[in-house]
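# Survey of secondary and tertiary structure
The primary structure of each chain is shown beneath.
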Amino acid sequence: MLPTHRVLIVTAVAAEADSVAGGLASAGPGEGESPLPGGFSLRRHARADVLVAGVGPAAAAAATATALACAPAPYALVVSAGIAGGFAPHAPLGAVVVADAVVGADLGAQTPEGYLPVDALGFGRSAHPVAGELVARISGALADAGRPCAVGPVLTVSTVTGTAERAAELAARHPGAVAEAMEGFGVAEAAAAFGLPVVEVRAVSNAVGPRDRAAWRIGEALAALRDTFGVLDRSVFPDAVDPAPGTAAPGTASPLTTPVPAPVESESPS
(Lines give C-alpha, C1' and ligand atoms only; values in the text may rest on other atoms or scores of the structure.)
Protein backbone atom coordinates (compact mmCIF):
# COMPACT_ATOMS: atom_id res chain seq x y z
CA MET A 1 0.00 0.00 0.00
CA LEU A 2 1.45 3.37 -1.04
CA PRO A 3 2.04 6.11 1.52
CA THR A 4 -0.16 9.19 1.35
CA HIS A 5 1.07 12.22 -0.51
CA ARG A 6 2.81 14.56 1.91
CA VAL A 7 4.17 18.10 1.99
CA LEU A 8 7.93 18.68 2.15
CA ILE A 9 8.88 21.86 4.03
CA VAL A 10 12.47 23.01 3.57
CA THR A 11 14.18 25.42 5.97
CA ALA A 12 17.75 26.69 6.12
CA VAL A 13 18.52 26.33 9.83
CA ALA A 14 17.28 24.42 12.85
CA ALA A 15 15.63 27.44 14.49
CA GLU A 16 13.33 27.82 11.48
CA ALA A 17 12.60 24.10 11.45
CA ASP A 18 11.75 24.25 15.15
CA SER A 19 9.22 27.01 14.51
CA VAL A 20 7.64 25.22 11.58
CA ALA A 21 7.48 21.97 13.56
CA GLY A 22 5.89 23.86 16.43
CA GLY A 23 3.05 24.87 14.14
CA LEU A 24 2.68 21.36 12.75
CA ALA A 25 2.53 19.99 16.29
CA SER A 26 -0.89 21.59 16.69
CA ALA A 27 -2.17 18.53 14.80
CA GLY A 28 -0.41 16.18 17.20
CA PRO A 29 3.11 15.22 18.26
CA GLY A 30 5.76 14.59 15.66
CA GLU A 31 6.51 11.11 14.36
CA GLY A 32 10.28 11.17 14.86
CA GLU A 33 13.13 11.64 12.39
CA SER A 34 14.10 9.71 9.29
CA PRO A 35 17.75 9.83 8.18
CA LEU A 36 18.67 10.70 4.60
CA PRO A 37 21.93 10.35 2.67
CA GLY A 38 24.35 13.22 3.08
CA GLY A 39 23.69 13.62 6.78
CA PHE A 40 20.22 15.13 6.32
CA SER A 41 17.15 14.02 8.20
CA LEU A 42 13.40 14.55 7.97
CA ARG A 43 11.27 15.53 10.95
CA ARG A 44 8.05 13.72 10.25
CA HIS A 45 4.59 14.99 11.16
CA ALA A 46 1.09 13.88 10.29
CA ARG A 47 0.91 15.59 6.90
CA ALA A 48 4.35 17.14 6.38
CA ASP A 49 8.05 16.46 6.65
CA VAL A 50 10.47 19.21 7.71
CA LEU A 51 14.00 19.34 6.32
CA VAL A 52 16.95 21.50 7.45
CA ALA A 53 18.87 22.07 4.23
CA GLY A 54 21.57 24.60 5.08
CA VAL A 55 22.10 28.19 3.98
CA GLY A 56 22.07 29.33 0.37
CA PRO A 57 20.51 28.12 -2.89
CA ALA A 58 23.08 25.41 -3.62
CA ALA A 59 22.68 23.74 -0.22
CA ALA A 60 18.91 24.07 -0.47
CA ALA A 61 18.81 22.47 -3.93
CA ALA A 62 21.06 19.58 -2.89
CA ALA A 63 19.13 18.78 0.28
CA THR A 64 15.71 19.12 -1.35
CA ALA A 65 16.69 16.90 -4.26
CA THR A 66 18.00 14.30 -1.81
CA ALA A 67 14.72 14.25 0.10
CA LEU A 68 12.65 14.05 -3.07
CA ALA A 69 14.78 11.28 -4.56
CA CYS A 70 14.54 9.20 -1.38
CA ALA A 71 10.79 9.63 -0.89
CA PRO A 72 8.88 6.31 -1.06
CA ALA A 73 6.07 8.09 -2.92
CA PRO A 74 5.83 11.52 -4.56
CA TYR A 75 5.28 14.54 -2.38
CA ALA A 76 2.25 16.68 -3.20
CA LEU A 77 3.90 20.03 -2.57
CA VAL A 78 7.30 21.51 -1.69
CA VAL A 79 7.46 24.60 0.55
CA SER A 80 10.51 26.80 1.11
CA ALA A 81 10.05 28.29 4.59
CA GLY A 82 11.86 30.48 7.07
CA ILE A 83 12.47 34.07 7.99
CA ALA A 84 13.37 36.79 5.51
CA GLY A 85 14.12 40.42 4.89
CA GLY A 86 11.04 42.38 3.85
CA PHE A 87 10.77 45.09 1.22
CA ALA A 88 9.11 48.22 2.54
CA PRO A 89 6.30 49.14 2.40
CA HIS A 90 4.91 45.79 1.26
CA ALA A 91 6.22 43.60 4.08
CA PRO A 92 6.98 45.25 7.44
CA LEU A 93 8.60 43.49 10.39
CA GLY A 94 6.55 40.53 11.57
CA ALA A 95 4.61 40.24 8.31
CA VAL A 96 4.09 36.91 6.57
CA VAL A 97 4.86 36.74 2.85
CA VAL A 98 3.71 34.24 0.25
CA ALA A 99 5.54 34.07 -3.07
CA ASP A 100 3.68 34.30 -6.33
CA ALA A 101 7.08 33.79 -7.97
CA VAL A 102 10.34 32.39 -6.59
CA VAL A 103 13.10 34.43 -8.23
CA GLY A 104 16.84 33.88 -8.53
CA ALA A 105 17.58 37.59 -8.24
CA ASP A 106 21.34 37.51 -8.72
CA LEU A 107 21.59 34.67 -11.23
CA GLY A 108 22.81 36.49 -14.30
CA ALA A 109 25.43 38.97 -15.46
CA GLN A 110 26.35 42.59 -14.89
CA THR A 111 26.85 44.49 -18.17
CA PRO A 112 27.57 48.12 -19.08
CA GLU A 113 23.86 48.38 -19.93
CA GLY A 114 22.78 46.92 -16.60
CA TYR A 115 21.93 43.54 -15.12
CA LEU A 116 20.85 40.67 -17.36
CA PRO A 117 19.10 37.65 -15.85
CA VAL A 118 20.28 34.22 -16.84
CA ASP A 119 17.24 33.82 -19.10
CA ALA A 120 18.40 36.72 -21.25
CA LEU A 121 21.81 35.09 -21.56
CA GLY A 122 20.21 31.95 -22.95
CA PHE A 123 20.94 29.68 -19.98
CA GLY A 124 17.94 28.26 -18.16
CA ARG A 125 15.56 30.32 -16.05
CA SER A 126 15.66 32.77 -13.19
CA ALA A 127 12.10 32.47 -11.85
CA HIS A 128 9.54 29.85 -10.91
CA PRO A 129 5.94 31.13 -10.97
CA VAL A 130 3.69 29.77 -8.24
CA ALA A 131 0.26 28.52 -9.27
CA GLY A 132 -2.33 31.23 -8.63
CA GLU A 133 -4.76 28.72 -7.11
CA LEU A 134 -2.15 27.65 -4.57
CA VAL A 135 -1.28 31.25 -3.66
CA ALA A 136 -4.97 32.06 -3.25
CA ARG A 137 -5.57 29.00 -1.08
CA ILE A 138 -2.67 29.84 1.25
CA SER A 139 -3.32 33.57 1.45
CA GLY A 140 -7.04 32.97 1.95
CA ALA A 141 -6.44 30.51 4.77
CA LEU A 142 -4.14 32.95 6.53
CA ALA A 143 -6.60 35.83 6.11
CA ASP A 144 -9.42 33.69 7.50
CA ALA A 145 -7.22 32.95 10.53
CA GLY A 146 -6.60 36.66 11.14
CA ARG A 147 -3.06 36.66 9.73
CA PRO A 148 -3.17 38.41 6.36
CA CYS A 149 -0.05 38.08 4.24
CA ALA A 150 1.79 40.04 1.58
CA VAL A 151 1.84 38.32 -1.81
CA GLY A 152 4.50 38.98 -4.42
CA PRO A 153 7.85 37.80 -5.76
CA VAL A 154 10.26 36.48 -3.12
CA LEU A 155 13.85 36.99 -4.22
CA THR A 156 16.66 34.51 -3.65
CA VAL A 157 20.15 36.00 -3.31
CA SER A 158 23.49 34.47 -2.43
CA THR A 159 24.66 37.71 -0.80
CA VAL A 160 22.22 39.38 1.57
CA THR A 161 21.44 43.00 0.76
CA GLY A 162 23.15 45.43 3.13
CA THR A 163 22.79 48.84 1.50
CA ALA A 164 19.94 51.13 0.51
CA GLU A 165 21.32 51.31 -3.03
CA ARG A 166 21.20 47.56 -3.50
CA ALA A 167 17.70 47.38 -2.01
CA ALA A 168 16.51 50.06 -4.43
CA GLU A 169 18.12 48.25 -7.38
CA LEU A 170 16.40 44.97 -6.53
CA ALA A 171 13.04 46.65 -5.93
CA ALA A 172 13.27 48.44 -9.28
CA ARG A 173 14.26 45.27 -11.11
CA HIS A 174 11.54 43.19 -9.45
CA PRO A 175 8.44 45.39 -9.01
CA GLY A 176 6.24 44.24 -6.16
CA ALA A 177 8.91 42.08 -4.54
CA VAL A 178 7.92 41.41 -0.94
CA ALA A 179 10.97 39.70 0.54
CA GLU A 180 14.53 38.51 0.11
CA ALA A 181 16.01 35.25 1.38
CA MET A 182 18.71 32.78 0.38
CA GLU A 183 17.16 29.39 -0.37
CA GLY A 184 13.87 29.56 -2.27
CA PHE A 185 15.21 29.35 -5.81
CA GLY A 186 17.32 26.30 -4.97
CA VAL A 187 14.30 24.57 -3.46
CA ALA A 188 12.23 25.49 -6.51
CA GLU A 189 14.82 24.13 -8.94
CA ALA A 190 14.82 20.78 -7.17
CA ALA A 191 11.02 20.66 -7.01
CA ALA A 192 10.76 21.44 -10.73
CA ALA A 193 13.20 18.64 -11.56
CA PHE A 194 10.74 16.24 -9.93
CA GLY A 195 7.68 17.84 -11.52
CA LEU A 196 6.32 19.14 -8.22
CA PRO A 197 4.65 22.46 -7.35
CA VAL A 198 6.53 24.80 -5.03
CA VAL A 199 5.73 27.84 -2.94
CA GLU A 200 7.76 30.03 -0.59
CA VAL A 201 6.28 31.15 2.74
CA ARG A 202 8.30 33.34 5.10
CA ALA A 203 8.02 35.69 8.06
CA VAL A 204 9.83 39.03 8.00
CA SER A 205 12.54 39.56 10.61
CA ASN A 206 14.24 42.66 9.18
CA ALA A 207 13.99 45.23 6.43
CA VAL A 208 15.90 44.76 3.17
CA GLY A 209 18.55 47.51 3.15
CA PRO A 210 21.25 48.79 5.49
CA ARG A 211 22.17 46.20 8.12
CA ASP A 212 20.80 47.25 11.49
CA ARG A 213 21.01 44.27 13.82
CA ALA A 214 19.42 46.21 16.66
CA ALA A 215 16.23 46.55 14.60
CA TRP A 216 15.93 42.88 13.72
CA ARG A 217 13.00 40.99 15.23
CA ILE A 218 14.02 37.37 14.77
CA GLY A 219 12.02 36.08 17.72
CA GLU A 220 8.84 37.72 16.48
CA ALA A 221 9.39 36.36 12.98
CA LEU A 222 9.94 32.83 14.24
CA ALA A 223 6.74 33.07 16.29
CA ALA A 224 4.85 34.26 13.20
CA LEU A 225 6.33 31.36 11.23
CA ARG A 226 5.09 28.89 13.85
CA ASP A 227 1.59 30.34 13.83
CA THR A 228 1.51 30.42 10.04
CA PHE A 229 2.34 26.74 9.67
CA GLY A 230 -0.18 25.88 12.33
CA VAL A 231 -2.83 27.50 10.15
CA LEU A 232 -1.58 25.85 6.95
CA ASP A 233 -1.38 22.43 8.56
CA ARG A 234 -5.00 22.67 9.66
CA SER A 235 -6.54 24.25 6.57
CA VAL A 236 -4.30 23.70 3.52
CA PHE A 237 -2.08 20.67 3.97
CA PRO A 238 -4.98 18.22 4.50
CA ASP A 239 -5.73 18.72 0.80
CA ALA A 240 -2.33 17.23 0.01
CA VAL A 241 -3.19 13.90 1.62
CA ASP A 242 -4.48 11.18 -0.68
CA PRO A 243 -8.03 10.55 0.60
CA ALA A 244 -7.76 6.85 -0.25
CA PRO A 245 -4.27 5.61 0.61
CA GLY A 246 -3.25 2.69 -1.55
CA THR A 247 -5.53 3.59 -4.45
CA ALA A 248 -3.35 6.17 -6.20
CA ALA A 249 -0.55 5.32 -8.56
CA PRO A 250 2.90 6.87 -8.11
CA GLY A 251 2.93 10.37 -9.50
CA THR A 252 -0.83 10.83 -9.30
CA ALA A 253 -1.65 14.46 -8.65
CA SER A 254 -3.14 15.51 -5.35
CA PRO A 255 -5.53 18.48 -5.10
CA LEU A 256 -2.52 20.75 -4.51
CA THR A 257 -0.51 19.47 -7.44
CA THR A 258 -0.41 21.49 -10.64
CA PRO A 259 1.55 20.59 -13.76
CA VAL A 260 5.07 22.04 -13.88
CA PRO A 261 6.00 23.18 -17.38
CA ALA A 262 9.31 22.03 -18.82
CA PRO A 263 11.96 24.77 -19.06
CA VAL A 264 12.13 26.53 -22.40
CA GLU A 265 15.53 26.13 -23.99
CA SER A 266 17.11 29.11 -25.69
CA GLU A 267 18.23 28.58 -29.28
CA SER A 268 21.74 29.80 -28.51
CA PRO A 269 23.52 31.60 -25.70
CA SER A 270 24.28 35.27 -26.25
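These numbers were taken from a predicted model, which means no experiment stands behind them.

Judged by nonpolar contacts, the single largest core of 64 residues is most densely connected at Ile9, Phe229 and Phe237. The biggest single contributor to this core is helix H7 (residues 218-235), with seven residues. Formed by ten residues, the second largest nonpolar core is a distinct cluster that contains Ala101, Val103, Val157 and Val208.

Quick look at the confidence of the model for the protein now. Per-residue pLDDT for the protein averages 87, and the proportion of residues at 70 or more is 86%. Counting interchain partners and residues more than four positions distant, the pLDDT-below-50 stretch residues 242-255 has 21 contacts. The model gives residues 257-270 a pLDDT under 50, and that stretch makes 16 contacts with residues more than four places away or in other chains.

Packed helix pairs are specified by the crossing angle of their axes together with the interaxial distance, meaning the distance between the axes. Between helix H1 (residues 14-24) and H7, the least distance of the axes is 7 Å, while the angle of their chain directions is 40°. The orientation of H1 relative to H7 falls into the category oblique. The two elements H1 and H7 cross, and the hand of that crossing is right-handed. On H7, the residues touching Ala15, Glu16, Ser19, Val20, Gly22, Gly23 and Leu24 of H1 are Leu222, Leu225, Arg226, Phe229, Gly230 and Asp233. Class assignment of the residues belonging to the contact of H1 with H7 gives a composition of six nonpolar, four polar and three charged.

With that out of the way, let us pick up the pattern of salt bridges. Enumeration according to the criterion identifies twelve salt bridges in this entry. Its salt-bridge partner being aspartate 233, residue arginine 47 comes within 3.5 Å of it at the nearest N-O pair. Of the two residues, arginine 47 sits in the loop between strand S3 (41-44) and strand S4 (48-52) while aspartate 233 sits in helix H7, which places them 186 residues apart along the sequence. The residue arginine 202 makes a salt bridge to glutamate 200 at a minimum N-O spacing of 2.6 Å. In terms of burial, arginine 202 and glutamate 200 fall into one category: buried. Among the ionic contacts, a cluster of salt bridges with common partners joins Arg6, Arg44 and Asp49.

Calculation criteria
- Residues numbered from 1 in each chain as written.
- Predicted model: local features only at pLDDT ≥ 70, side-chain atom pairs only at ≥ 80, totals over all residues.
- Heavy atoms only, no water.
- Core = buried A, V, L, I, M, F, W, Y, C linked by side-chain atoms within 4.5 Å.
- Buried < 20%, exposed > 50% of the residue type's maximum accessible area, 1.4 Å probe, protein only.
- Helix = DSSP H or I, 4+ residues; strand = E, 2+ residues; numbered from the N terminus.
- pLDDT = per-residue confidence, 0-100.
- Contact = heavy atoms within 4.5 Å.
- Axes fitted to C-alpha atoms, helices over the stretch in contact; angles between N-to-C directions.
- Parallel < 35°, antiparallel > 145°, perpendicular 65-115°, else oblique.
- Left-handed = near helix turned anticlockwise from the far one by under 90°.
- Nonpolar A, V, L, I, M, F, W, Y, C, P; charged D, E, K, R; others polar.
- Salt bridge = Lys/Arg side-chain N within 4 Å of Asp/Glu carboxyl O.

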